[in-house]
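Structure assessment
Below are the chains, spelled out letter by letter.
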Amino acid sequence: MKNLKSYSFLTVLLCLFISSKSLSQNNPPAPAMPSQQHRIIIDKIVEAAHYKSYVIDFCLSKINETSAKEGWNEQKTMEISQSINYKNFRDAIYNSFVVFDEVELETLLKAYEKDTAYQSKNVMTNNKVLINNLNIFATDIVKGKYVSK
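If you're wondering where the values come from, they're calculated on a predicted model, not measured in any experiment. (Residues numbered from 1 in each chain as written. Predicted model: local features only at pLDDT ≥ 70, side-chain atom pairs only at ≥ 80, totals over all residues. Heavy atoms only, no water.)

The next subject is helix α6 (residues 102-114). The end-to-end C-alpha separation of α6 is 18 Å, in line with the 18 Å expected for 13 residues at 1.5 Å each. Listed as buried for α6 are L105, L108, L109 and Y112. With its buried residues spanning 100 degrees around the axis, α6 presents them on a single face. α6 presents V103, T107, K110 and K114 as exposed residues on the side facing more than 90 degrees away from its buried surface. For α6, the secondary structure elements touched by its buried residues are α2 (36-49). At the N-terminal boundary of α6, the capping side chain belongs to D101, with an oxygen 3.3 Å from the backbone nitrogen of V103. (Helix = DSSP H or I, 4+ residues; strand = E, 2+ residues; numbered from the N terminus. Expected span 1.5 Å × (residues − 1). Buried < 20%, exposed > 50% of the residue type's maximum accessible area, 1.4 Å probe, protein only. Arc of directions from axis to C-beta. Contact = heavy atoms within 4.5 Å. Polar contact = N/O pair within 3.5 Å; in protein donor to acceptor, adjacent residues only side chain to side chain.)

So this is what it looks like as structure tokens:
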């Protein structure tokens, strides 16, 4: 009986140790974001590349595609379309440019402002992470997650 009590005690200690170690895990860090100065340059790049209109057009095409497939009425289509807000996607853009320093951002901005042909090689439409984030954003809009009630 004494042996059973010592095994029970060791088992309880082991369980406490394991649970304390599993609770000691930290939350993942917040996504990296650029400085305020970098954000200003990134906003200018977005404007020069016409990426804001690209995001809105992409979302509208997803809405129209889903509307036709699922037979939405015009009111629902309008409600979902009006929920598109570029500001809800802006942090994903900022995050994708966090790896660039100020000189690289300025160089990219000048390339967009100077050469309109460069805009067809849009760094944002060729960024796989940003494309994936845009697909997720558009899917969330179609599901009605941004509709205010």
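Attention shifts here to the nonpolar core. With 30 residues, the main nonpolar core has I45, Y51, V55, F89 and I93 as its most contacted residues. Counting residues per element, the ones that place at least two in this core are α2, α3 (51-70), α5 (90-96), α6 and α7 (128-142). (Core = buried A, V, L, I, M, F, W, Y, C linked by side-chain atoms within 4.5 Å.)

Before going further, it helps to spend a moment on the packing of aromatic side chains. Enumeration according to the criterion identifies 5 aromatic pairs in this entry. The interplanar angle of 35 degrees and the centroid separation of 5.2 Å between the aromatic rings of F89 and F137 together place this pair among those described as tilted. Of this pair, F89 sits in the loop between α4 (74-82) and α5 while F137 sits in helix α7, and the two are 48 residues apart along the sequence. Classification of F137 as buried rests on a relative accessible area of 4%. Summarising the aromatic geometry, the rings of F97 and F100 are spaced 5.6 Å apart at their centres and angled 45 degrees between planes, so their arrangement reads as tilted. Using a relative accessible area of 3% as the deciding quantity, one classes F97 as buried. One aromatic cluster is present, built from ring pairs that chain together Y51, Y54 and F58. (Phe/Tyr/Trp six-rings, centres within 6.5 Å; stacked < 30°, edge-to-face > 60°.)

This brings us to the confidence of the model for the protein. Low pLDDT means the predicted coordinates in that region are not meant to be read closely. Across the protein, pLDDT averages 84, with 82% of residues at or above 70. Mean pLDDT across the elements of the protein ranges from a minimum in helix α1 (residues 2-23), with 66, to a maximum in α4, with 94. (pLDDT = per-residue confidence, 0-100.)

Here we come to the packing of α3 against α7. Packed helices, taken two at a time, are described by the angle between their axes plus the distance between the axes. Direction vectors running N to C along α3 and α7 enclose 50 degrees, while the axes themselves pass 9 Å from each other. On the basis of the axis angle, α3 is oblique to α7. Taken as a pair, α3 and α7 cross one another with a handedness that is right-handed. Residues Y51, Y54, V55, F58, C59, K62, I63 and T66 of α3 form the contact with α7, whose own contacting residues are L130, L134, N135, F137, A138, I141 and V142. (Axes fitted to C-alpha atoms, helices over the stretch in contact; angles between N-to-C directions. Parallel < 35°, antiparallel > 145°, perpendicular 65-115°, else oblique. Left-handed = near helix turned anticlockwise from the far one by under 90°.)

All right, on to α4 then. Looking only at α4, the buried set comprises T77, I80 and S81. Mapping the buried residues of α4 onto a view down its axis gives an arc of 100 degrees, with all of them on the same face. Residues of α4 that are exposed and point over 90 degrees away from its buried face: Q75 and Q82. As for α4, its buried residues are in contact with α3 and α7.

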